[in-house]
Amino acid sequence: MEIKFEGYERRIDKINACLNENGIKDLEDAYNICSAKGINVDEIVRNIQPIAFENAIWAYTAGCAIAIKKGCKVASDAAESIGVGLQAFCIPGSVADQRSVGLGHGNLAAKLLREETKCFAFLAGHESFAAAEGAIGIARTANTVRKTPLKVILNGLGKDAAYIISRINGFTYVKTEFNQATGELKVISTTPYSNGERAAVRVFGANDVNEGVAIMQAEKVDVSITGNSTNPTRFQHPVAGTYKKECIEQGKKYFSVASGGGTGRTGYRGRVLKTCLYMPWEVEPESSISGSLLLVLCRAERTCRNRGCAKHMICERDCHVQYRNLR
């Protein structure tokens, strides 16, 4: 089997070391381990994100094989093991490697699959359609392995943007009004734009950081991820930081993850947009792992400033980022 993916030479030694530590010879062996359990990682990943890079396919293959080797029977445990596979694909010395982005995303998915997490928030600018895709994926799949439904919200800057993204994606738009003097948050209206799973995703638009924090408090958010959109320093990071401080003071647990970095280079201009999606991990009571794969999908969508570059690998020009022809 010929295996190729972006940045192969810079990644493969670290990948093989990780696989060997977990009793797996190489990526071909990892592929065979998954196939033997009826798990088609390539199909699952591309069903979530058709333009996913090849290194994403193999990162989840490695993670899934590690989970199988460890004998994981619970979805949250499998998520943590998949994070090990993602981490192995982070290029040595990169920001993703130094900040353990792969492990972090595995741990994030594990938290979302555990019952103690009641509400998950995408804390991002509403121009981020990656956040919308993530919300759809989580709303669709998380509850298949949970006893109580996970509440999923989008909390971003701008009420008009929240309204638009709700209509486009069929979410429920929650219009709020915040009193700066009293700190009171009022829900003016709640408008679902579809029926079913998409309507379960509630979208809030805040005018500023104070209202964003009030929304987090009102929804009792347990876990959030902040996206690298155009407003990270203006909105989502200050909201997460302020809410974290208040949670600590109140003795409430709150887990915040900052998105960005991916399993490859972080890019310079034209930053990485990333979200976590996952699919159900189905386990038969008295057998080994079977069915479909829980995926922590780190979506990397990078645009080359040289529009003529349609390579599926790191651009050799000075743009330093990836470009994929979306036609």
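Structural data are supplied above this passage.
This structure is a prediction, so every number in the text was calculated from the model and none was measured.

Rules behind the numbers
- Residues numbered from 1 in each chain as written.
- Predicted model: local features only at pLDDT ≥ 70, side-chain atom pairs only at ≥ 80, totals over all residues.
- Heavy atoms only, no water.
- Helix = DSSP H or I, 4+ residues; strand = E, 2+ residues; numbered from the N terminus.
- Buried < 20%, exposed > 50% of the residue type's maximum accessible area, 1.4 Å probe, protein only.
- Contact = heavy atoms within 4.5 Å.
- Phe/Tyr/Trp six-rings, centres within 6.5 Å; stacked < 30°, edge-to-face > 60°.
- Lys NZ or Arg CZ within 6 Å of the ring centre and 35° of its normal.
- Arc of directions from axis to C-beta.
- Polar contact = N/O pair within 3.5 Å; in protein donor to acceptor, adjacent residues only side chain to side chain.
- Pairing = 2+ DSSP bridges.
- Axes fitted to C-alpha atoms, helices over the stretch in contact; angles between N-to-C directions.

Undergrad: I tried to follow the overall build of the protein on my own but got confused; where do I start?
TA: Secondary structure summary: the protein contains 11 helices and 7 strands in total. Counting the 327 residues in the protein, one finds 52% classified as buried. A separation threshold of at least 6 residues defines the contact pool for the protein, and within that pool the share at least 24 residues apart is 69%.

Undergrad: I'm lost on the packing of aromatic side chains in this one. Help?
TA: Aromatic ring pairs are reported here in terms of the distance separating the ring centres and the angle at which the planes meet. The tally for this structure, following the rule as stated, stands at 7 aromatic pairs. Aromatic pair tyrosine 31 and tryptophan 58: ring centres 6.2 Å apart, planes at 50°, arrangement tilted. Taken together, the residues tyrosine 31 in helix H2 (residues 27-36) and tryptophan 58 in helix H4 (residues 54-70) connect sequence positions 27 residues apart. Take tyrosine 31: its relative accessible area is 37%, and that puts it in the partly exposed class. A centroid spacing of 4.9 Å and a plane angle of 70° characterise the contact between phenylalanine 120 and phenylalanine 122, whose relative ring orientation is edge-to-face. This pair shows no difference in class: phenylalanine 120 is buried, exactly as phenylalanine 122 is. Through pairs of rings, three or more aromatic residues link up here, namely Phe5, Tyr8 and Phe89. Above the ring of phenylalanine 255, the side-chain terminus of lysine 111 is found at 4.7 Å from the ring centroid.

Undergrad: Explanation requested: helix H9 (residues 159-169) in the structure shown.
TA: Given 3.6 residues per helical turn, the α-helix brings residues three or four places apart onto the same face. The set of residues buried in H9 consists of Lys159, Ala162, Ile165, Ser166 and Asn169. Down the axis, H9 shows its buried residues gathered within 130° of arc, on one side only. Exposed and facing more than 90 degrees away from the buried side of H9 are Asp160 and Ile168. The positive-phi residue at the C-terminal boundary of H9 is glycine 170, with phi of around 75°.

Undergrad: I keep staring at the environment of glutamate 219 and nothing clicks. Help me out?
TA: Along the polypeptide, glutamate 219 turns up in helix H10 (residues 209-219). Glutamate 219 sits 100 residues away from cysteine 119 along the chain, and the two C-alpha atoms are 7.3 Å apart. The contacts of glutamate 219, once residues within four sequence positions are left out, are Cys119, Lys151, Ile153, Arg202 and Phe204. Side chain to side chain, glutamate 219 and arginine 202 meet in a polar contact 3.4 Å long.

Undergrad: Just to check I follow, could you spell out the sheet that holds strand S1 (residues 119-123) for this structure?
TA: Note on sheets: strands pair through backbone hydrogen bonds, and any given pair is parallel or antiparallel. Spatially, 7 strands are ordered S4-S3-S5-S2-S1-S6-S7 in an open sheet, and the strand pairing comes out mixed. The strands lining the two open edges of the sheet, one partner per strand, are strand S4 (184-192) and strand S7 (255-258). When the angles between neighbouring strand axes are averaged without regard to direction, this sheet yields 20°. Both strand S3 (residues 172-179) and strand S5 (residues 202-206) contribute to a ladder of 3 bridges, which runs parallel. Among the inter-strand pairings, valine 174 is bridged to a residue of S5, identified as phenylalanine 204. H9 contacts strand S2 (151-157), S3 and S5 of the sheet and is inclined by roughly 160° relative to S5. Sheet contacts for H10: S1, S2, S3, S4, S5 and strand S6 (223-226); angle to S5, the most-contacted strand, approximately 150°.

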